[in-house]
Amino acid sequence: MVLVGDTGAIYIPELPRARSSSDRLRGLRLVHTHLNESLLSQEDLMDMLFLRLDSISVLTVDGMGTPGLFQSAHILPVPSEDGTAYNVHGATSWEHVDIDFEAQTDALEEELARTADSARKQGGTEHAVLVSVSTLPKDVQESHLNELAELADTAGVSVAGRLVQRVRQVNHKFIMGRGKLSELEILCLQGNASMIIFDGELSPAQLRNLTEVTERKVIDRTQLILDIFAQHATTRAGKLQVEMAQLQYSLPRLVGKNRAMDRLMGGIGGRGPGETKLETDRRKVRDRISRFKKELDSLRKQRSFARDRRNKARVPVAALVGYTNAGKSTTLNALTNSTVLAENKLFATLDPTTRRLRFPEDRELILTDTVGFIRNLPKELREAFRATLEELEAADLLLHVADAGHPELEKQIAAVDKILEDMDLHEIPTTLILNKWDALDNEQKEALMHLYPHAIHAAAKNRMGLDEISQEIIDRIDWERGMVN
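Since this is a predicted model, take the numbers as computed values, not measurements.

1. Structural notes on the packing of helix α1 (residues 42–51) against helix α4 (residues 178–190)
Next, step 1: At a minimum axis separation of 9 Å, α1 and α4 run at an interaxial angle of 45°. Judged by the inter-axis angle, α1 sits oblique to α4. Viewed along their axes, α1 and α4 form a crossing whose handedness is left-handed. Residue-level inspection shows Met46, Asp47, Leu49 and Phe50 of α1 in contact with α4, the latter providing Arg178, Leu181, Ser182, Glu185 and Ile186.
Next, step 2: Within the contact of α1 with α4, the residues separate by chemical class into 5 nonpolar, 1 polar and 3 charged.

2. Comments concerning the sheet that holds strand β6 (residues 126–134)
Next, step 1: Spatially, the 4 strands line up as an open sheet ordered β7-β6-β8-β9, and their pairing is parallel. The open sheet has two free edges, formed respectively by β7 (157–166) and β9 (217–220), since each of these has just one partner strand. The sheet shows a mean angle of 25° between the axes of neighbouring strands, direction not considered.
Next, step 2: With 4 bridges joining them, β6 and strand β8 (residues 195–198) adopt parallel strand pairing. Counted as the bridge partner of valine 131 is phenylalanine 198 from β8.
Next, step 3: Along the sheet face, α4 touches β6, β7 and β8 and points at about 165° away from the line of β7.
Next, step 4: In the packing of helix α6 (residues 221–232) onto the sheet, the strands contacted are β8 and β9, and the crossing angle to β9 comes to about 90°.

3. Focus: the environment of tyrosine 86
Next, step 1: Structurally, tyrosine 86 can be placed in strand β4 (residues 86–88).
Next, step 2: With a relative accessible area of 18%, tyrosine 86 lands in the buried category.
Next, step 3: Residues tyrosine 86 and serine 55, spaced 31 residues apart in sequence, show a C-alpha to C-alpha distance of 9.9 Å.
Next, step 4: If near-sequence neighbours (up to four positions away) are discounted, tyrosine 86 is found in contact with Gln42, Leu45, Met46, Met48, Leu49, His74, Ile75 and Leu76.
Next, step 5: For tyrosine 86, the side chain forms a polar contact with the side chain of glutamine 42, separated by 3.3 Å.

4. Structural notes on helix α12 (residues 409–422)
Given 3.6 residues per turn, any residue in an α-helix points the same way as the ones three and four places further on.
Next, step 1: Taking 1.5 Å of rise per residue, the 14 residues of α12 would be expected to cover 20 Å, and the 20 Å separating its terminal C-alpha atoms lies within 8% of that figure.
Next, step 2: Every buried residue of α12 is accounted for by Leu409, Gln412, Ile413, Ala415, Val416, Ile419 and Leu420. Seen along its axis, α12 keeps its buried residues to an arc of 160°; they face one direction.
Next, step 3: Turning to α12, the residues buried within the fold contact β10 (317–322), β13 (397–403), β14 (430–435) and α13 (442–451).
Next, step 4: With its phi angle positive at about 60°, aspartate 424 sits one or two positions after the end of α12.

5. Re the pairing of β10
Next, step 1: A large share of β10 lies buried, amounting to 6 of its 6 residues.
Next, step 2: Side-chain alternation along β10 places Val317, Ala319 and Val321 on one buried face and Ala318, Leu320 and Gly322 on a second face that is also buried.
Next, step 3: In this sheet, strand β12 (residues 363–369) lies alongside β10 in parallel orientation, the contact comprising 4 bridges. Paired with alanine 319 across the bridge in β12 is threonine 368.

The rules behind the values
- The residue numbers shown here count from 1 along each chain, following its written sequence.
- A pLDDT threshold of at least 70 governs which residues receive local features in this predicted model, and a stricter bar of 80 or more applies before side-chain atom pairs are shown or counted, although totals over entire chains, interfaces and linings include all residues.
- Side-chain figures throughout are based on the complete set of non-hydrogen atoms in the structure, without hydrogens or water.
- Axis lines are fitted to C-alpha atoms, over the contacting stretch for helices. Their N-to-C directions set the angle, which ranges from 0 to 180 degrees.
- Under the DSSP-based scheme used, a helix requires at least four consecutive residues in state H or I and a strand at least two consecutive residues in state E, with every element numbered from the N terminus.
- Angular relationships are summarised with four words: roughly parallel below 35 degrees, roughly antiparallel beyond 145, roughly perpendicular across 65 to 115, and oblique for the angles in between.
- Two helices cross in a left-handed way if the nearer one is turned anticlockwise from the farther one by less than a right angle. They cross in a right-handed way if the turn is clockwise.
- Two residues form a contact once any of their heavy atoms are found within 4.5 Å.
- Under the scheme applied, nonpolar residues are Ala, Val, Leu, Ile, Met, Phe, Trp, Tyr, Cys and Pro; charged residues are Asp, Glu, Lys and Arg; polar residues are all the others, including Gly.
- Here, strands pair whenever DSSP counts at least two bridges between them.
- Remark: exposure states derive from per-residue accessible area (1.4 Å probe, protein chains only) relative to the maximum for the residue type, with buried under 20%, exposed over 50%, and partly exposed in between.
- Each polar contact in these results corresponds to two N or O atoms within 3.5 Å; when the atoms are within protein, one needs to be able to donate a hydrogen and the other to accept it, and residues that are neighboring in sequence are counted only if both atoms are side-chain atoms.
- Under the convention used throughout, the expected extent of a helix is 1.5 Å for every residue step, that is, one less than its residue count.
- Taking the helix axis as origin, the arc is that swept by the directions to the C-beta atoms.

Given below as structure tokens:
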């Protein structure tokens, strides 16, 4: 393949993949000439990284076209001690070049394959690099990436690397600069990552641009959460809500040339050009969203009738709320001797579960376990799960379960409080339960008792604190009227 440029630059078109058996290096070597004495530039090396070339070489030629110096470089399977991702050979006279490029490439591919095999043994069906680009402090970004890693693990994705960049202003085109993009490419190559997961939400343009430049699957935090929800939805209502949220998320990301044709129909006899495939896809998505909304409205009415029956029977309702993986399902199981799924994963429970909880003197109430909350809950999910979360509106008491041993405890409690406030549920009486209390040392316990003096200390897995939780429910419920004191 011969490309002709000028003295300043050369345009490299979209390159084919010569080596179809591998998704690591492209199977192409680039050798280009410099019409001066300059050797490999930083831009040349970036091109090698982004295009995943087997190697890149430069040959200097003089005004008569006589070859002079030769220099080549290749990607390193593992970064060097100083963090360099490529090896640049020294320049040598053209006559003395003695490099077996095929053998060099075979060795690189073998080493990359060994690195990939090592990564696969760590588990997970797909490997991903986690990325945070934000104006927030780096320690906050690292904390957010820890949570993103838990989400990835729940989704069955193995984390192959992390990249954190604090910026003054986010790049609207690629979210990060060219230098960080090259660093990201190296992380993906060395970790054999087929996916890049960004913390936060990407715009449709950023998503498209990043996918094109990296040639990998690019998703954001919202897509990852939606995928987890899709995996865990078991009931008809849960599946409807997840699919509607996915459709609402994807609708603005269907990219085309002209949105003015959205309302154009072929009509009887197909007058006019009709709809393009893009407009047809958009119409199908909107139609499905409309149909799902009607079905969810029907489910909402059914649940409303059930709540009305409970109200007429004067059966009080207590709802377990809290950050995901705080131990709500374990608490429900411990209080009601149930066997609801409870795993050490985010969003293990998706669909609401209700159980009757009996107390002495013929008292009983409905105890509901709801989907866990998470910071910056995607708006698509908040809208789609309105039918599920409406169970909370009928609650007489909210039991806010929090993971006492989590390093982000205060922020998680604040995130749940913020979501409850956004949903106009903050006026319902709430009791804070600090779960997993047995995992703390004495100093941590003393600090939390000072910070949350009215909280109940529990360890639902070991059935610690259940009597206190039961007594709190008894004390706060007006059993004659089914109302909270």
